[in-house]
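# Close look at the chain arrangement
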Amino acid sequence: MLAFAALFLAFSNGANDNFKGFATVWGSASLGYRRALLLATLATVLGGIASVVIADGLVAQFSGKGLVGDELANTPGFALSVAGGAAITVILATRSGFPISTTHALVGGLVGAGLAQSSDGVDLGNLGQGFVLPLLTSPFISAALAFLAYFVLRQVRGRRKVETEHAEAEAGEHGKDHKTPVLDTVHYLSAATICFARGVNDTPKIAALLIGTRLVSPDISALAVALAMAVGGWLLSRRVAETMSLKLNQLDPTQGVSANLVTAALVLFASRWGFPVSTTHVSVGSIIGTGAGARTLDLSVVRNVLLSWVATLPIAAGLAFTLGMIA
């Protein structure tokens, strides 16, 4: 049951998160959906495999140790409750087209399962400093950095007398030549880096549910999670992709590159140092930052996405609490 719940969480995570690195590529008409999805899937799998070496610190953090007692964190019942609560939350958001954070859902699952099964409750100090603070600050940091990066890159392109980005996006939509080869290459590489970084960042968080109980080895856990992510992303990415690529912001290539470079840098930094930031929060924050600079945001969509973020933790906690009481 635990193996099924963990892999279902990985599947749901892939469906909600795999395409996020290439959301700006599709949204700016730099690449078609299927080709973007294929590249996103490959980069995510490679990141998942690499996470065994790069992001071992996140495994310990998301096994629940530090929030609840070590004895409880190592039990299959606790891990099952966390995985189940997070997985149901993420798959519901995915089918509704909301790009939510699996990290956020996992934190909610850890809290809910801890409250249900631990006689000592949850360590609120570690919860705030080790989990909530990075999750709350990362989208604001990414938005501010992307806002600045967009203006710098726009000035560079302006001096080189390159066509305006809105004209390029319209040309791509009507099948005309997309004459930004250098910028497109940077765009694709930055998108692949985000997906790679996301695989590095998210795989150990989910694999921790299996590793902490010693059911399988870390290497096998990471590989299984990465493959489940790939399948989920390939089958169910479309609705979340439409929200991020087409509805949140009217993206152009300059915005896309600016957002992606900031997202990739922040997620890789967080993975290396064990900070539980959300790729979703960082990526959406970057898209919002560039959209604010270009004044192309759809504020109603932004509001709905932010509300889905607010609801993620309590929903996941409530589901995990219920499963924890049953387990």
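Remember, predicted model here, so these are calculated numbers, not experimental data.

A few words now on empty space enclosed by the protein. To locate leftover empty space, one rolls a probe as large as a water molecule over the atoms. One pass over the structure, following the stated rule, counts two cavities of 30 Å³ or more. Considering only enclosed or pocket space, the second largest cavity measures out at about 40 Å³ in volume. In this structure, the second largest cavity is lined by Ala15, Asn16, Phe19, Lys20, Ala23, Ser237, Val240, Ala241 and Met244. Those elements that place two or more of their residues in the lining of the second largest cavity are helix 1 (2–17) and helix 12 (238–247). With three residues, helix 12 is the largest single contributor of residues to the lining of the second largest cavity. Partitioned by chemical class, the residues of the lining of the second largest cavity number six nonpolar, two polar and one charged.

Contact pair helix 7 (residues 102–117) / helix 15 (residues 299–326): the axes reach a minimum separation of 7 Å and the direction vectors enclose 35°. The chirality of how helix 7 crosses helix 15 is right-handed. Taken together, the residues of helix 15 that come into contact with helix 7 (itself represented by His104, Ala105, Val107, Gly108, Gly109, Gly112, Ala113, Leu115, Ala116 and Gln117) are Trp309, Thr312, Leu313, Ala316, Ala317, Ala320, Phe321, Gly324 and Met325. Of the residues in the contact of helix 7 with helix 15, the class split is 12 nonpolar, seven polar and no charged.

All chains considered together, the criterion is met by four salt bridges. Aspartate 17 is paired through a salt bridge with lysine 20; the nearest N and O atoms lie 2.4 Å apart. According to the relative accessible area criterion, aspartate 17 is buried, its value standing at 2%.

Here we take up the packing of aromatic side chains. Following the criterion strictly, the structure yields six aromatic pairs and no others. Summarising the aromatic geometry, the rings of tryptophan 26 and tyrosine 33 are spaced 5.0 Å apart at their centres and angled 55° between planes, so their arrangement reads as tilted. Overall, tyrosine 33 belongs to the buried group, its relative accessible area being 10%. In this structure an aromatic cluster arises from ring pairing among Phe19, Trp26 and Tyr33. When the ring centre of tryptophan 234 is taken as reference, the NZ or CZ atom of arginine 34 above it lies at 5.3 Å. Positioned over the ring face of tyrosine 33 is arginine 238, at 4.5 Å from the centre of the ring.

Chain-level pLDDT for the chain is 82 on average; 78% of the residues reach the 70-or-more range. Across residues 60–64, confidence stays below pLDDT 50; counting only partners more than four residues off in sequence or on other chains, it has 20 contacts. Note that pLDDT drops below 50 for residues 173–178; the model gives that stretch 10 contacts with residues more than four away or on any other chain.

Let us now look at helix 15. Between its first and last C-alpha atoms helix 15 spans 41 Å; for 28 residues at 1.5 Å apiece the expected length is 40 Å, and the two agree. Where helix 15 bends most, at alanine 311, the angle is about 30°, and the proline proline 314 comes one to four residues later. Buried within helix 15 are the following residues: Val301, Val302, Val305, Ser308, Trp309, Thr312, Ala316, Ala317, Ala320 and Gly324.

General note: in soluble globular proteins, nonpolar side chains tend to be found buried as a group. Residues Leu9, Val82, Leu209, Leu248 and Val284 are the most contacted members of the largest nonpolar core, which totals 41 residues. Where this core is concerned, the elements lending two or more residues are helix 1, helix 6 (76–96), helix 7, helix 10 (181–211), helix 11 (218–236), helix 12, helix 14 (279–294) and helix 15. Looking at this core element by element, the count peaks at eight residues for helix 6. When residues no more than four places from it in sequence are discounted, the contact partners of valine 82 are Leu106, Gly109, Leu110, Ala113 and Leu209. Core analysis: the next-biggest nonpolar cluster, separate from the first, contains 13 residues, Val25, Tyr33, Ala40 and Ala43 among them.

Reading the values: rules and limits
Residues numbered from 1 in each chain as written. Predicted model: local features only at pLDDT ≥ 70, side-chain atom pairs only at ≥ 80, totals over all residues. Heavy atoms only, no water. 1 Å grid on protein atoms, 1.4 Å probe; cavity = no way out; pocket = protein on both sides within 12 Å on 5 of 7 lines; lining within 4 Å. Points joined across faces, edges and corners; volume = space filled by probe spheres on them. Helix = DSSP H or I, 4+ residues; strand = E, 2+ residues; numbered from the N terminus. Nonpolar A, V, L, I, M, F, W, Y, C, P; charged D, E, K, R; others polar. Axes fitted to C-alpha atoms, helices over the stretch in contact; angles between N-to-C directions. Left-handed = near helix turned anticlockwise from the far one by under 90°. Contact = heavy atoms within 4.5 Å. Salt bridge = Lys/Arg side-chain N within 4 Å of Asp/Glu carboxyl O. Buried < 20%, exposed > 50% of the residue type's maximum accessible area, 1.4 Å probe, protein only. Phe/Tyr/Trp six-rings, centres within 6.5 Å; stacked < 30°, edge-to-face > 60°. Lys NZ or Arg CZ within 6 Å of the ring centre and 35° of its normal. pLDDT = per-residue confidence, 0-100. Expected span 1.5 Å × (residues − 1). Bend = angle between axes of the 7 residues up to and from the residue. Core = buried A, V, L, I, M, F, W, Y, C linked by side-chain atoms within 4.5 Å.

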